[in-house]
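What the coordinates show
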Amino acid sequence: MSDHRDTAHTSEPDDFAVQIADSVESFVLAVTEVAKGDEPGSAISLLLLEVSQLLLAGGRLGAIEDVVPEDRFEPDTGPEPDGVELRERLAELLAPIDVYHEVFDPYGPPEKPSAFRISDDLAGVVAELRHGLVHYREGRVSEALWWWQFSYLSNWGSTCTAVLRALQSLIAHVRLDSPIGAAVDGADTDQDGLTDEQLEQQAGDLMAAELGL
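Residues numbered from 1 in each chain as written. Predicted model: local features only at pLDDT ≥ 70, side-chain atom pairs only at ≥ 80, totals over all residues. Heavy atoms only, no water.

1. Concerning the overall build of the protein
When helices and strands are tallied, the protein shows seven helices and two strands. Mapped in sequence order, the helices and strands of the protein form the string α-α-α-α-β-β-α-α-α. The contacts in the protein between residues at least 6 apart in sequence include a share of 76% that link residues at least 24 apart. (Helix = DSSP H or I, 4+ residues; strand = E, 2+ residues; numbered from the N terminus. Contact = heavy atoms within 4.5 Å.)

Below you can see the structure in the form of structure tokens.
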């Protein structure tokens, strides 16, 4: 594993760095395309595949030794997109099934599941990955790998895992003909006044149409 750590210090990317960068860029481009809404019928399936593939890259980053960047302080990457447009487009596309529930830390003290939005999570992950891409495209390979590894361990790894569980659960509910349950008591899902029954029906109709059932 030390070969990845050592070569990360060079300005030229090695095979490992190229593969990680390709995975990151593929995810960013794919989510951006899905958010355009040109093919809503395949949105859930495409996001399931893309999140799964990104987590494979994240697993590789988590399995190697700590990447140490060349510079002591992170170079300024300049202004970054705020991600509002991407978030709003995803929220509109995923409206019936955007909110899901997750326990933040399965090894922490018992806690009530919290409500999250797939659109918020994906937009946040894209923003973090783009930050590393700026370093990578500027030739700061070790800085890019350090950022992707650090942010995977601290944030987007767990975020993508939660999103993957939500997407997989949606498909499982439809394929196994299992109704989507009501929201947890007291959870703030902010669903524009729709009842749990209406949300369940919308989500079921959306997935049934996508899967051709």
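Still more ground to cover, so stick around.
2. Re the pattern of salt bridges
Evaluation of the coordinates by the stated rule reveals six salt bridges. Between Asp 98 and Arg 117 there is a salt bridge, with its nearest N and O atoms 3.5 Å apart. A residue pair is termed long-range when its members are at least 10 positions apart, and Asp 98 in the loop between helix H4 (84-93) and strand S1 (99-102) and Arg 117 in strand S2 (residues 114-117) qualify at 19 residues. Accessibility expressed as a relative area gives 0% for Asp 98, which makes it buried. (Salt bridge = Lys/Arg side-chain N within 4 Å of Asp/Glu carboxyl O. Buried < 20%, exposed > 50% of the residue type's maximum accessible area, 1.4 Å probe, protein only.)

3. Some thoughts on helix H3 (residues 43-63)
If you check H3, its first and last C-alpha atoms are 30 Å apart, about what 21 residues at 1.5 Å a residue would give, namely 30 Å. Three or more residues of H3 are buried, namely Ala 43, Ile 44, Leu 47, Leu 48, Glu 50, Val 51, Leu 54, Leu 55, Ala 57, Gly 58 and Leu 61. (Expected span 1.5 Å × (residues − 1).)

4. A word on the side chain of Glu 128
Within the secondary structure, Glu 128 sits in helix H5 (residues 118-137). With no salt bridge to any partner, buried Glu 128 finds its closest opposite charge in Arg 87, at an N-O distance of 10 Å. Setting aside chain neighbours within four positions, we find Glu 128 in contact with Trp 147, Trp 148, Ser 151, Asn 155 and Trp 156. (Lys, Arg positive; Asp, Glu negative; His and termini not counted.)

5. What about the packing of helix H2 (residues 15-35) against H5?
When two helices pack together, their arrangement is captured by the angle between the axes and the distance separating the axes. Taken N-terminus to C-terminus, the directions of H2 and H5 make an angle of 135°; their axes are 10 Å apart at the nearest point. Taken together, H2 and H5 sit at an angle that is classed as oblique. Considering only the axes of H2 and H5, their crossing is left-handed. The segment H2 lies against H5, with Ala 17, Val 18, Ala 21, Val 24, Glu 25, Phe 27, Val 28, Val 31 and Thr 32 engaging Leu 122, Val 125, Val 126, Leu 129, Arg 130, Leu 133, Tyr 136 and Arg 137. Across the contact of H2 with H5, the residue classes tally to 13 nonpolar, one polar and three charged. (Axes fitted to C-alpha atoms, helices over the stretch in contact; angles between N-to-C directions. Parallel < 35°, antiparallel > 145°, perpendicular 65-115°, else oblique. Left-handed = near helix turned anticlockwise from the far one by under 90°. Nonpolar A, V, L, I, M, F, W, Y, C, P; charged D, E, K, R; others polar.)

6. Examining the environment of Val 31
Looking at where Val 31 falls in the secondary structure, it is placed in helix H2. For Val 31 and Leu 47, which are 16 residues apart along the polypeptide, the C-alpha to C-alpha distance reads 7.1 Å. Apart from residues no more than four positions distant in its own chain, Val 31 is found in contact with Leu 47, Leu 86, Leu 90 and Val 126.

7. Remarks on the nonpolar core
If you look at the biggest cluster of nonpolar residues, it comprises 49 residues, and the most contacted ones within it are Phe 27, Leu 129, Leu 145 and Trp 148. Mapped onto this core, the elements with two or more residues apiece are H2, H3, H4, H5 and helix H6 (141-175). Sort the elements by how many residues they give to this core and H6 lands first, with 14 residues. Every residue in contact with Phe 27, bar those within four places of it in the chain, is listed here: Glu 50, Val 51, Leu 54, Leu 122, Val 125, Val 126 and Leu 129. (Core = buried A, V, L, I, M, F, W, Y, C linked by side-chain atoms within 4.5 Å.)

8. Re the packing of H5 against H6
Running from N to C, H5 and H6 cross one another at 165°; their axes reach a closest spacing of 9 Å. Taken together, the axes of H5 and H6 are roughly antiparallel relative to one another. Taken as a pair, H5 and H6 cross one another with a handedness that is left-handed. Counted by class, the contact of H5 with H6 contains 15 nonpolar, six polar and three charged residues.

9. Notes on the packing of aromatic side chains
Following the criterion strictly, the structure yields six aromatic pairs and no others. Note on Trp 147 and Phe 150: the rings are 6.1 Å apart at their centroids and 45° apart in plane angle, and the pair reads as tilted. With Trp 147 and Phe 150 both in helix H6, this residue pair falls three residues apart, about one helical turn. Residue Trp 147 is classed as buried on the basis of its relative accessible area, which comes to 15%. Measuring from ring centre to ring centre gives 5.0 Å for Tyr 152 and Trp 156, while their planes differ by 65°; the resulting arrangement is edge-to-face. Here Trp 156 and Tyr 152 lie together in helix H6, a separation of four residues that amounts to about one turn. The exposure classification of Tyr 152 matches that of Trp 156, with both residues buried. By way of ring pairs, the aromatic residues Trp 146, Trp 147 and Phe 150 are connected into one cluster. (Phe/Tyr/Trp six-rings, centres within 6.5 Å; stacked < 30°, edge-to-face > 60°.)

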